[in-house]
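Reading the structure
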Amino acid sequence: IVPFYDGIEVQAAARLENYDDVGTVGNPTVGLLLTPSAIAGSENVADGFKRLTLRGHAASAFRAPTLFQTFPGSATQPLQITYRGVPNFAPVRYWGNPDLDPESAVVVSGGLSWNPVRPLSFEIDYWNYYFKDAIVPESSAEIARTGRSAVQDFDPPLQPVFATGAFLQEVNATLVNSSHPLVTDGVDVGAMLKLDEEELGADVGTFRVGATGTYTLRFRVAQSQVPPTELA
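Residues numbered from 1 in each chain as written. Predicted model: local features only at pLDDT ≥ 70, side-chain atom pairs only at ≥ 80, totals over all residues. Heavy atoms only, no water.

So, on to the overall build of the chain. Counting secondary structure elements, the chain contains five helices and 13 strands. Computed over the C-alpha atoms, the radius of gyration of the chain is 26 Å, more than 25% above the 17 Å expected from 2.2 N^0.38 for a compact globule of 232 residues. Seen through its principal axes, the chain has C-alpha atoms that stretch 85 × 40 × 30 Å. Within the chain, the fraction of its 232 residues that count as buried is 29%. Long-range pairs, those at least 24 residues apart, make up 63% of the contacts in the chain with a sequence separation of at least 6. When the accessible surface of the chain is summed, it comes to about 14600 Å², and 58% of that surface belongs to carbon and sulfur atoms. With 15 positive and 26 negative side-chain charges, the chain shows a spacing of 5 Å between the two charge centroids. (Helix = DSSP H or I, 4+ residues; strand = E, 2+ residues; numbered from the N terminus. Rg over C-alpha atoms; globule rule 2.2 N^0.38 Å. Buried < 20%, exposed > 50% of the residue type's maximum accessible area, 1.4 Å probe, protein only. Contact = heavy atoms within 4.5 Å. Areas by Shrake-Rupley, 256 points an atom, 1.4 Å probe, with all protein chains shown as cover. Lys, Arg positive; Asp, Glu negative; His and termini not counted. Charge placed at Lys NZ, Arg CZ, Asp CG, Glu CD.)

Now the structure itself:
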């Protein structure tokens with residue numbers, strides 16, 4: 001943390017990671033904290049304004065695939081799938097994918113804290129997450145419809161669909177990196193009332209009453225073919 005100027009603090013950090021299958025990855029983060037009354041350099045302002053602070057933060061993030069996600073073993077889940085117009089209840093085998101790329105993200109946020117009067121405080125923050133190459137399971141319904149899956153690219157390759165006529169016997173699926181980014185943003189709000197002996201007039205401890213909430217403005221995966229039920 002660097003006190004860059006009166007009322008301005010800058011925080012910077014970086015994390016360096018090394019993976020055998022991915023290589024070396026660096027993720028920086030930077031934050032900014034502003035106190036407007038201190039920047040203005042004036043003491044002749046209301047106390048409430050002196051207790052106003054603004055903040056901002058930006059960072060990159062990185063997550064390598066887990067051993068479970070890349071291990072060549074499989075897990076089986078029975079699902080109802082329509083195959084050639086006929087509903088089937090068939091086992092879906094999800095295989096680990098050794099060709100997965102790591103997920104990455106850019107996170108940006110900003111907000112303010114304000115104490116207009118001593119016992120009462122408010123906070124509000126806007127946040128935005130941009131995920132790239134998110135690791136998601138293939139859609140078993142899409143595999144049954146097209147007869148194609150990333151398991152065909154394995155070494156040795158696997159057959160995506162086993163069926164006899166319209167009777168679906170088994171579907172082989174895997175995890176893949178989504179070709180579409182996931183974007184989500186929203187607002188966090190909160191209020192807190194803190195009462196202690198100065199407000200209550202007696203040494204009876206400190207009481208805190210507050211409320212917080214989050215409103216998601218957007219959650220979008222462009223043209224995703226992954227049904228929500230298969231993300232559970």
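It is worth spelling out the side chain of Ser149 at this point. Tracing the chain through its elements places Ser149 in the loop between helix H4 (140-146) and strand S10 (161-164). By relative accessible area, Ser149 is classed as buried at 7%. Among the polar contacts made by the side chain of Ser149, one reaches the main-chain carbonyl oxygen of Asn172 at a distance of 3.5 Å. Leave out the neighbours within four places in its chain, and Ser149 touches Glu138, Ile143, Pro160, Asn172 and Ala173. (Polar contact = N/O pair within 3.5 Å; in protein donor to acceptor, adjacent residues only side chain to side chain.)

To continue, consider the packing of aromatic side chains. Under the counting rule described, the total for this entry stands at two aromatic pairs. With a centroid separation of 6.1 Å and 5° between ring planes, the pair formed by Tyr129 and Phe131 is classed as stacked. A relative accessible area of 30% means that Phe131 is categorised as partly exposed. Among the aromatic side chains, those forming a connected cluster through ring pairs are Trp127, Tyr129 and Phe131. (Phe/Tyr/Trp six-rings, centres within 6.5 Å; stacked < 30°, edge-to-face > 60°.)

Turning our attention to a nonpolar patch on the surface. A contiguous nonpolar surface patch, about 350 Å² in accessible area, is contributed by Phe4, Tyr5 and Ile39. Relative to the assigned elements, Ile39 resides in helix H1 (residues 36-40). Residue class for Ile39 comes out partly exposed when judged on its relative accessible area of 34%. (Patch = residues over 30% accessible without salt bridge, like charges linked within 9 Å, V, L, I, M, F, W, Y side chains within 5 Å. Salt bridge = Lys/Arg side-chain N within 4 Å of Asp/Glu carboxyl O.)

What follows covers the confidence of the model for the chain. Within the chain, residue pLDDT values average 87, and 91% of them lie at 70 or more. The least confident element of the chain, judged by mean pLDDT, is helix H5 (residues 197-200) at 69; the most confident is strand S8 (residues 120-132) at 95. Ignoring residues within four places in sequence, the model shows residues 223-232, a span with pLDDT below 50, making 17 contacts including any to other chains. (pLDDT = per-residue confidence, 0-100.)

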